[in-house]
Structures are given as C-alpha cells and as structure tokens.
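One letter stands for each residue in the lines below.
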2 protein chains.
Amino acid sequence: MKQVATIDEIRNEITELKAQGKTVAFVPTMGALHKGHLSLIRLAREKADEVVVSIYVNPEQFGPNEDFDEYPRQMEDDLKACENEGVALVFTPNNEIIYGSGEKYFSIQIDHLNEYMDGGSRTGFFEGIVLVVNKLFNIIKPDVAIFGQKDIQQFQILSTMVEEFNHDIELVAGPIARANDGLALSSRNAYISEQDRKIAPSLFRALQYVEKQIRDGVMEPKLLLQHQQDELEAKGFKNDYLNVFSMKTMEPVDKLESGKSYILAGAVYLGKTRLIDNIILDL
Amino acid sequence: MKQVATIDEIRNEITELKAQGKTVAFVPTMGALHKGHLSLIRLAREKADEVVVSIYVNPEQFGPNEDFDEYPRQMEDDLKACENEGVALVFTPNNEIIYGSGEKYFSIQIDHLNEYMDGGSRTGFFEGIVLVVNKLFNIIKPDVAIFGQKDIQQFQILSTMVEEFNHDIELVAGPIARANDGLALSSRNAYISEQDRKIAPSLFRALQYVEKQIRDGVMEPKLLLQHQQDELEAKGFKNDYLNVFSMKTMEPVDKLESGKSYILAGAVYLGKTRLIDNIILDL
C-alpha cells in the first residue's frame, strides 16, 4: 500500500494502475475509520481490481458552529486498517492541496435536494460535500465510487451530480453497518458518553417500529412519527427530524403510495452528538 | 473521421484512441466553422495525437432575447471542414443527450469573474458555458482543450474552473483569426449587412489605437476610451463596452501599472449583430 498526499503523486499512481489494465474503486472518507468504512472498502474490492481510499476532513462541509476541530483524527490507525483491507493507495491531502490559498470563484449550487433532512439542518453541508467530491472524482477518476447508505441524502445528491455533470463513474451504496444493539456505526459515536450509549440504539428502534407499521399498511404515518419523536424526547434525545422522504426529491411525504421508493430517516442529538439513521422503503 | 452523437459512442471511440496510447486534443465549437475555428483545430493537432471537435449550439448560454434560433447552422459544411483538417472524431449531440428532459438540480455559480465584459452584458451567459463545458470535459476527458482568444473572458473563466474543479486538462488559447481588414472572425459575422461590413473593422482599429497610446505611456486611458467610443457611435455602432480589464479578476482598471497583464476589450452592436474583440496587454 502506498500513501500519497499530492495530486501529482496520486495521479501518477492511478495512471500506473490503469496502464496495467486495472479498474479502480474509490472510497472517499474523513478518516476515523470504523467497521462501516471497512465494509465499504470490502465492497470496493468486489467492484474493481484496486481500491483507492482518501482520508480528508473537508472543512467546507462543516458549519461555523459544527465539530470540525473536534472531529476524530487517527491517521496511523486508519492507515493500518486500510493496509489490512488490501487497499492499494491512500490519498491524504491537506487543505492547501485541495483548496489552495487564493480567492475562489466557483461554487456548485444544489436546488431542492438539500432543502430537507440533513440539508435542511446543516446549511452549506451538501454544497461543501459536492465541492470536494467533484474535485476528488476529477483527481482520482475512478471507475466506481462507494458511499455508505447511512448518508443516504449524500448518496442521492452525489448520484444526481454524477448524472448532471456526466462523470463517468458508477456510484454504489454500501449497507449501513451496525453495532450488535442496532446503533448505526459512525465516527461521531466516539463522542457519545457511556450512559448515552445505552439509549443510542433507540433511534434505530423507532425507525424499525415505524417501518413495521408502514409495511402493515399505515400510509399516512405523521402521527406515528410524532409519537416516536415524543418518546425519543422523553428518553433524553433532542429531535432534529424523523420523517418519510421521497427517494427522488428528498422532500417529506405525508401520504405514501405503493410502488414508490421512500427514505424513512431520523436525526437526533444525544448531548452534543448528532446521530442519523435511515431505512429505505420500496413500497 | 467519425461522427458520433451519443455519449456512449464518443466515450467508446476515445477509450479506443487512448488504448492505442494516443493523446487527445478537444476543440468545442457551436459549428458554423470559419477560419478561426480551423486555426484552433490546427493548433490542436500540434498539441496532441488526435483531435476531437464537438459541434453543439448550447441553448443554456443564450439569453431569452438572444439569437439562439438564428444562430447559423451548417452541419454538412462543418463536417467537411473537420475532415479536411484531419479531425479524428466529431461529436454532434442534441439537447436531449446533453441535458436530458428531467428536472435539473445542479448549477455552477461563478463569482466576480463574470460581472463585467460579456458577463456583465449577457446574464447567465458564462454559467451556461461552464455548465456545458464541464459536461463536455467529463465526457471527452481530453488531454488538451483549445479555445479562441477572441472569447478571452470565456478562456479565463474556464481556466479558473479547470483549476478549482481539478480537471486534468491543459487549456490552450489560440490567437484571434482576422479578415484582411482586421475584423475578428466570428460565426456571427454572417449576420452583418454588406454596408455594415465595411465599417466593422473600426472596432479593432479603435483597440489598436488605444493599445498604441497605452504602450506610449498613457496609463489612465479613460478619456481615450471614451473618445474612441464616441467615434464608434458616430460611425453607426452602438457601444456595449470598450475598456481595460484586469487579466486576473476581469474587472475594469482605471490606472494601469507596468508589470501587470490586462485585456483591452470592446463589444459593439452593428444593427442587431454583436461584435467583440480584444488585445492582451502585458505591460
């Protein structure tokens, strides 16, 4: 495994792989790798001959009051984990390499798709993500790129970007990796106190409960969702959202229809830690 | 020479060229090819093994009151010209192939660089250009792309996009091709009446006159520029702008400094026809 930090180096390495006729799968990460990331890397190995992982905590996708400074960084462990998973190349650029220091004249604007869910709660979050991922796609030029289903809105927005910008890249979503008690794995779980950790799986249980009701025929789940939010609140969570969204437009849907695809998704705070989770509903 | 219209076809053809170890230079055009385009194609042949030309009149870069419908189209002549110049591939997509028919969620925003010059006069013009060129770059993935210096603001904006989006493409500007009397060649010259054609070179002469004065030491050319605009108006032109702009920021500059680069540029209307021209000043 090679670790490189500059754009010239990663391009040279990838040109070398392609000259050998190899296909490349790319797994962009912000480091602090957990079993969820490792499952994405394994999926990447199934999809292409070689795997490239980027480790870069992208400042553009953090709001001014968010946790950019506190975001967990553990480069040595991450590199070891990548090596164990058979990764060929790890790209570890710094901010100067990704954004340079001069004035910026270009930005990418997203309409509608980021109005609700995490886009509604985190201003500029998805613009920051598409800015860096568009760059990384042009730097790495992978055949396939793997993202986690946990960040389903990110996956849908990036899929739309790939389509509208004509990136020649197949996007693949890897399933949500969970702890034994159901909690979706996240680098931010490292922030959760021992006491809060015990109630953390309640978000997923609430989603599972609502999923079952919907599959049993509740096509207007508004009251049901409200009730689950009240229960989460009573347990000590602070609610951000818990709702059913259109898979296509990412907008909340009050009345579900069979034959359509939805995302049942929630975001809550446990102390200062924000947890998200979702279930895809193909009705 | 092959002409292809779909993204899959052009990608297959280019993959084929690259598998043969060939480099690719790309000349994006809106057709109605004249000697200016042909000089860009010749420059492209010097820069890479094979040349790909696109012919596509991009609706997104025309305003609602502009000449999209009237823009000259002459596909058969254009294909013959490309063949004569040794072009390997001509890409002739339609609107459905480039933009599809569904709702669009992404746009590219440009700050500052499009406030003056053509960007100031033509709302949405450069956003339309970067939208289509970003797509074409991702479809063609050339090693080099050639644009004309006549559209100097376009060239500077696209160079900035390449840098900020990390496209792995070298941009090259081809010099302005001119008629014997100095008129910059343009597909839109086809609109000019015979009578107007006689005075059309006055724009370039005005620029040359101002250039000489600046090179002779006039570092605050404001009055000089105003006087030239008055003379053009007296000849029957309608002025849009005639000014000196910073090469870096594309903003007007009142007081020039030696050691810096500027664009001396003008835009005028002759009847309904818009003419533009420019001279690069490295002082």
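Residues numbered from 1 in each chain as written. Chains lettered and ligands numbered in written order. Predicted model: local features only at pLDDT ≥ 70, side-chain atom pairs only at ≥ 80, totals over all residues.

Peer 1: Could you give an account of the relation of the copies chain B and chain A, with specific residues and numbers?
Peer 2: Of the transformation superimposing chain B on chain A, the axial component is 0.0 Å and the angular component is 180 degrees, with the fit at an RMSD of 0.0 Å. The symmetry that links the two subunits is that of a two-fold axis. Considering only C-alpha atoms, the part of chain B nearest the rotation axis is Ile108(B), at 2.3 Å. Of all interface residues in chain B, 100% are interface residues in chain A too; the two copies therefore contact each other through one and the same surface. (Least-squares fit on C-alpha atoms with pLDDT ≥ 70 in both. Contact = placed C-beta atoms within 7 Å.)

Peer 1: For the interface of chain B and chain A, give the residues involved together with the corresponding values.
Peer 2: Listed by partner, the interface residues are 23 residues for chain B and 23 residues for chain A. Of all the elements in the fold, those that place two or more residues in the side of chain B that touches chain A are helix 1 (7-19), strand 5 (106-110), helix 6 (125-140) and helix 7 (152-165) of chain B. In the side of chain B that touches chain A, the residues fall into 9 nonpolar, 8 polar and 6 charged. Pairing analysis gives 5 bridges linking strand 5 (residues 106-110) of chain A to strand 5 of chain B, with the strands arranged antiparallel. Residue Ser107(A) lies in a different strand from strand 5 of chain B, and its bridge partner there is Gln109(B). (Helix = DSSP H or I, 4+ residues; strand = E, 2+ residues; numbered from the N terminus. Nonpolar A, V, L, I, M, F, W, Y, C, P; charged D, E, K, R; others polar. Pairing = 2+ DSSP bridges.)

Peer 1: Before we move on, could you go through the confidence of the model for chain A and cite the residues and values that matter?
Peer 2: Mean pLDDT over chain A works out to 96, with 100% of the residues at or above the 70 mark. Scored as a complex, the prediction yields pTM 0.95 and ipTM 0.94. (pLDDT = per-residue confidence, 0-100.)

Peer 1: Go over the environment of Ser39(A), please, and point to the residues and values.
Peer 2: Residue and element names in this part refer to chain A. For Ser 39, the location among the structural elements is in helix 2 (residues 35-47). On the basis of neighbour counts, which here come to 18 C-beta atoms within 10 Å, the residue Ser 39 falls in the partly exposed class. Sequence spacing of Ser 39 and Pro 175 is 136 residues, and the spatial spacing of their C-alpha atoms is 8.4 Å. Those residues in contact with Ser 39, other than ones at most four positions away along the chain, are Gly 174 and Ala 177. (Buried ≥ 20, exposed ≤ 12 C-beta atoms within 10 Å, placed from the backbone.)

Peer 1: So what's going on with the domain arrangement of chain A? Which residues, and what values?
Peer 2: Residues and elements named next belong to chain A. The domain boundaries assigned to chain A delineate domain 1 (2-174) and domain 2 (187-282). Just the C-alpha atoms count here: the centres of domain 1 and domain 2 sit 26 Å apart. With 14 residues of domain 1 at the interface, the matching set in domain 2 holds 15 residues. For the side of domain 1 that touches domain 2, the elements supplying multiple residues, two or more each, are helix 5 (117-121) and helix 7 (152-165). A per-class count over the side of domain 1 that touches domain 2 returns 7 nonpolar, 5 polar and 2 charged. (Domains from an automatic or database assignment.)

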